[in-house]
Amino acid sequence: MTVLSLSSRPLASLRPSRPSPPLHRLLCSKPLASSSSASASFLTPPTPRSDPTSTTDSDPTPLFLRSATYPVPAAALAAFRRRASALVPPSAPHLHRHLRWLLADASSSSPSPSSSDDEPALLRAPLGDLEAMWERHVRDRRPFQYVVGNEHWRDMVVAVREGVLIPRPETEGVVDMVRGVEGFEDGWWADLGTGSGAIAVAVARELGPEGKVLAVDVSEVAVQVARLNVQRYGVQDKVEIRHGSWFEPLEDVKGKLMGVISNPPYIPTDDLPGLQPEVGWHEPKLALDGGKDGLEHLLHLCEGLSSVLKPGGFFVFETNGNKQSEFLVGLISTKWSSSFHNVEAALDFADIKRFVTGYRR
């Protein structure tokens, strides 16, 4: 299995990074319906080097949001850079870029032309903490986004932490689909399984005076992180975060929603051991495991859609790719043909049928 690396972008740079790979690319090739004997041939990652609980930082605040209160002598910072570079294996040159980004997020500002080479740098974390972060990234395959506490997504810097799925670039297309719905600006939307709140915040920033997003997640960690992102982007009046499972917190808006958005767990359970270590060891199983064929949560969403959407309401779900999308389009178009129309699969930027969309009759 080819291992692809998750990456991020430095706060000070507008140059796009190599994006985080979609989850479907982090799996060995395998049909949706698989026998137990077939799963035995999957590549299973080795045991992580450390107890996963040890990778949780004592301070969950994203690195770039911490105060720069730790002076570090220039010589000590240079020595750390050399030690950190020495840990990078020849097979992973992209880690040198991650090191530059780590130091960019950890530094209060770029050195001024008048600053002395001997002038201490002000960092947002003790140098020993940065060293520990770097070692966990290189040796324990901890995603860089969890190391620095953020991911660049659309035009935002989204706070993330362990326990919350890292938003992927292909999911950005959901926001554009919402913008394509006539009258979307003043409608009420639900983002089910909001995770970091990236979709909810991005949609909220496009809404008009009457528009609103109900961001729902069963994970308490996700609720905390989503709330942080909502506050950072000042959309508290546009996003209401609700703790609960799927449609359960939406009893008061049945039949009133203009749209439902969801990027649910869709990886087949038997495929989880084939995920790259950065994902399988560290990202939450709650946000990955879609049951036997990866369809458990997607089918639940399909079942509940008609109860919350108003006539003409729109839905968009992200899926694992072509097979899941084609299956769902066929299922919705037949089993629920009296409830929905214009059901179709939509492509992501890699020309994969990544999304299923449709309208309530």
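Just so you know, these numbers come straight off a predicted model, no measurement behind them.

A. Spatial organisation of the overall build of the chain. Looking only at helices and strands, the chain has 11 helices and 11 strands in total. The 361 residues of the chain split such that 53% are buried. Put simply, the chain shows about 16000 Å² of open surface, and 52% of that area lies on carbon and sulfur atoms.

B. Region of the structure containing the confidence of the model for the chain. Taken over all residues, the pLDDT of the chain has a mean of 86, while the share at 70 or more is 82%. Every residue in residues 1–19 scores below 50 in pLDDT, and together they form 62 contacts with partners more than four places removed in sequence or on other chains. With pLDDT under 50 throughout, residues 24–55 is counted as low confidence; its partners more than four residues away or in other chains account for 59 contacts.

C. Highlighting the pairing of strand S7 (residues 239–243). For strand S6 (residues 212–217) and S7, the ladder comprises five bridges, and the chain directions are parallel. Paired with Ala215 across the two strands is Ile241, which belongs to S7. Handedness of the S6-helix H8 (residues 220–232)-S7 crossover: right-handed.

D. How the structure looks around the pattern of salt bridges. All told, the structure shown has 17 salt bridges when counted by the stated rule. Between Glu303 and Lys335 there is a salt bridge, and its shortest N-O distance comes to 3.3 Å. Highlighted residues: Glu303 in helix H10 (residues 296–308) and Lys335 in helix H11 (residues 322–335), separated in sequence by 32 residues. Accessibility expressed as a relative area gives 45% for Glu303, which makes it partly exposed. Assessed through its relative accessible area of 52%, Lys335 is described here as exposed. The network of salt bridges with shared partners includes Arg154, Asp176, Arg179 and Glu206.

E. Region of interest: the nonpolar core. Core analysis: the largest hydrophobic core is formed by 35 residues, its most contacted members being Trp153, Trp189, Val203, Val213, Val239 and Ile261. Mapped onto this core, the elements with two or more residues apiece are strand S4 (156–159), helix H6 (173–179), helix H7 (198–204), S6, H8, S7, strand S8 (257–262) and strand S9 (309–318). For this core, the element with the highest residue contribution is H7, accounting for seven residues. Once residues within four sequence positions are removed from consideration, Val213 is found in contact with Trp189, Asp191, Ala200, Val203, Ala204, Leu207, Lys238, Val239 and Glu240. Judged by nonpolar contacts, the second largest core, of 33 residues, contains Leu165, Leu257, Ile267 and Leu305.

Rules behind the numbers
Counting restarts for each chain: residues are numbered from 1 in the order of the written sequence. Given that the model is predicted, a residue must reach a pLDDT of at least 70 before its local features are reported, and side-chain atom pairs must reach 80 or more before they are shown or counted; all residues, however, enter totals for whole chains, interfaces and linings. The basis for every side-chain value is the complete set of heavy atoms in the structure, and neither hydrogens nor water enter the calculation. Helix numbering and strand numbering both begin at the N terminus, where a helix is a DSSP run of H or I of at least 4 residues and a strand a DSSP run of E of at least 2. For every residue, the accessible area obtained with a 1.4 Å probe (protein chains only) is divided by the maximum for its type, and the residue is called buried under 20%, exposed over 50%, and partly exposed between those limits. Using a 1.4 Å probe, the Shrake-Rupley method yields the accessible areas, and only the shown protein chains count as cover for residues. Scored from 0 to 100, pLDDT reflects the predictor's confidence in each residue. We call two residues contacting when some pair of their heavy atoms lies within 4.5 Å. Pairing between strands is defined by DSSP: at least two bridges between the two strands are required. Classification remark: right-handed applies to a crossover when, strands pointing away from the viewer, the course from the first strand over the helix to the second runs clockwise. Salt bridge criterion: a side-chain nitrogen from Lys or Arg within 4 Å of a carboxyl oxygen from Asp or Glu. Put simply, a nonpolar core is a bunch of buried Ala, Val, Leu, Ile, Met, Phe, Trp, Tyr and Cys residues held in one set by side-chain atoms that sit within 4.5 Å of each other.

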